[in-house]
Amino acid sequence: MKKTMVIDLDRCIGCYSCEIACKMENNVDLGVYFNKVLTIGPVGTYPDIEMYFLPTLCQSCVEAPCIDVCPTGSSFTNKEGVVLVDSDSCIGCYACIPVCPYNARSFNQQTRLAQKCTLCSHLTEKDKQPACVKACCAKARFVGDIDDQNSIVCKKLKEAGEENIYTMPDTGNHPTVSYILHKKTARWQERSNWEFFPKYE
Ligand code: SF4
Ligand code: SF4
């Protein structure tokens, strides 16, 4: 089982509800994000201008480098395939933070421990939706098991068609979060380096 997220960029209106709901649910500090909505573009020349919104989060890697480098085994994948940090055994050594290709981990200045998006596993284990999914007024976010062909995420990807599905660059980490973007909305802007969040030293 690999629980992950599909985000339909054709539907996202950049309202930031998901970003705020995530911060409230997970008590995320000012200036820190587990989920951040980026604005991509505008690109092109008037009147052919394109832009879209890109909600970002941990990409739920299959071969997660943040797990590989953790000296205590505190970064792990739970039975649903969600990459988590065990705050009881994390020693705040910082090893996992710079190895994430997307800068999706941060250091909690209060607890002195590593932190990241948990896909709201404290809610999903009670059969509730992650806060960002629940708050999305555009119904652009879906969470489910990418290994189950009947899951909502697989159904959404099937409906969208392969040519309209994008993932972040894969450096061997195999990101599983997928983005749906039809060319009638905008063209996906490729970047070799996607760093979603501000860096903290
Ligand atoms: Fe780890 Fe970063 Fe991959 Fe998330 S996106 S599993 S934090 S390497
Ligand atoms: Fe986009 Fe939904 Fe997030 Fe609003 S709540 S920014 S529509 S993904």
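Let us look at the structure shown here. (Residues numbered from 1 in each chain as written. Chains lettered and ligands numbered in written order. Predicted model: local features only at pLDDT ≥ 70, side-chain atom pairs only at ≥ 80, totals over all residues. Heavy atoms only, no water.)

Okay, the site of ligand 2 next. Around ligand 2, a shell composed of Cys12, Ile13, Gly14, Cys15, Tyr16, Ser17, Cys18, Val37, Pro55, Cys136, Ala138 and Arg141 is seen. Counted by class, the shell around ligand 2 contains nine nonpolar, two polar and one charged residues. (Near = heavy atom within 4 Å. Nonpolar A, V, L, I, M, F, W, Y, C, P; charged D, E, K, R; others polar.)

Tracing the chain through its elements places Lys183 in the segment after strand 10 (178–180). Measuring from C-alpha to C-alpha, the distance between Lys183 and Asn164 comes to 7.4 Å, with 19 residues separating the pair along the chain. Leave out the neighbours within four places in its chain, and Lys183 touches Glu163, Asn164 and Tyr166. Here Glu163 takes part through its backbone oxygen, which lies 3.5 Å from a polar atom of the side chain of Lys183. (Helix = DSSP H or I, 4+ residues; strand = E, 2+ residues; numbered from the N terminus. Contact = heavy atoms within 4.5 Å. Polar contact = N/O pair within 3.5 Å; in protein donor to acceptor, adjacent residues only side chain to side chain.)

Scanning the model with the defined rule gives zero disulfides in all. A disulfide-free cysteine, Cys90 has its sulfur positioned 6.4 Å from the sulfur of Cys96, the nearest such atom. For Cys90, a relative accessible area of 15% translates into the label buried. (Disulfide = S-S within 2.5 Å. Buried < 20%, exposed > 50% of the residue type's maximum accessible area, 1.4 Å probe, protein only.)

Turning next to the sheet that holds strand 9 (residues 165–166). Taken in spatial order, the four strands make up an open sheet running 8-1-10-9, and their pairing is mixed. Two strands in the sheet have a free side with no partner beyond their single neighbour: strand 8 (141–145) and strand 9. Strand direction decides the pairing type here: strand 1 (residues 3–8) and strand 8, joined by five bridges, are antiparallel. Across the sheet, Met5 pairs through a bridge with Val143, a residue of strand 8. Lying on the sheet, helix 6 (residues 152–160) is in contact with strand 1, strand 8, strand 9 and strand 10; it crosses strand 8 at an angle near 120 degrees. (Pairing = 2+ DSSP bridges. Axes fitted to C-alpha atoms, helices over the stretch in contact; angles between N-to-C directions.)

This brings us to the site of ligand 1. In the neighbourhood of ligand 1, the contacting residues comprise Cys58, Gln59, Cys61, Ala64, Pro65, Cys66, Val83, Cys100, Pro101, Tyr102, Arg105 and Lys116. A per-class count over the shell around ligand 1 returns nine nonpolar, one polar and two charged.

Within the largest apolar cluster, 46 residues are counted, with the highest numbers of intra-cluster contacts made by Met5, Leu54, Tyr179 and Trp188. When contributions to this core are tallied by element, the ones reaching two or more residues are strand 1, helix 1 (17–26), strand 2 (36–45), strand 3 (48–56), strand 5 (83–85), helix 3 (96–99), strand 7 (113–115) and helix 5 (131–135). A total of three residues in this core trace back to one element, the largest contributor, which is strand 2. Setting aside residues up to four positions removed in sequence, Tyr179 forms contacts with Ile7, Leu9, Leu54, Pro55, Thr56, Leu57, Gln59, Asn164, Ile165, Tyr166, Met168 and Trp188. Formed by six residues, the second largest nonpolar core is a distinct cluster that contains Val153, Leu157, Ala160 and Ile180. (Core = buried A, V, L, I, M, F, W, Y, C linked by side-chain atoms within 4.5 Å.)

Those residues of helix 1 lying buried are Cys18, Glu19, Ala21, Cys22 and Lys23. Tucked into the core, helix 1 has its buried residues touching strand 2, helix 5 and strand 8. Just beyond helix 1, the residue with positive phi is Asn27, at close to 55 degrees.

None of this, on its own, says anything about what the molecule does.
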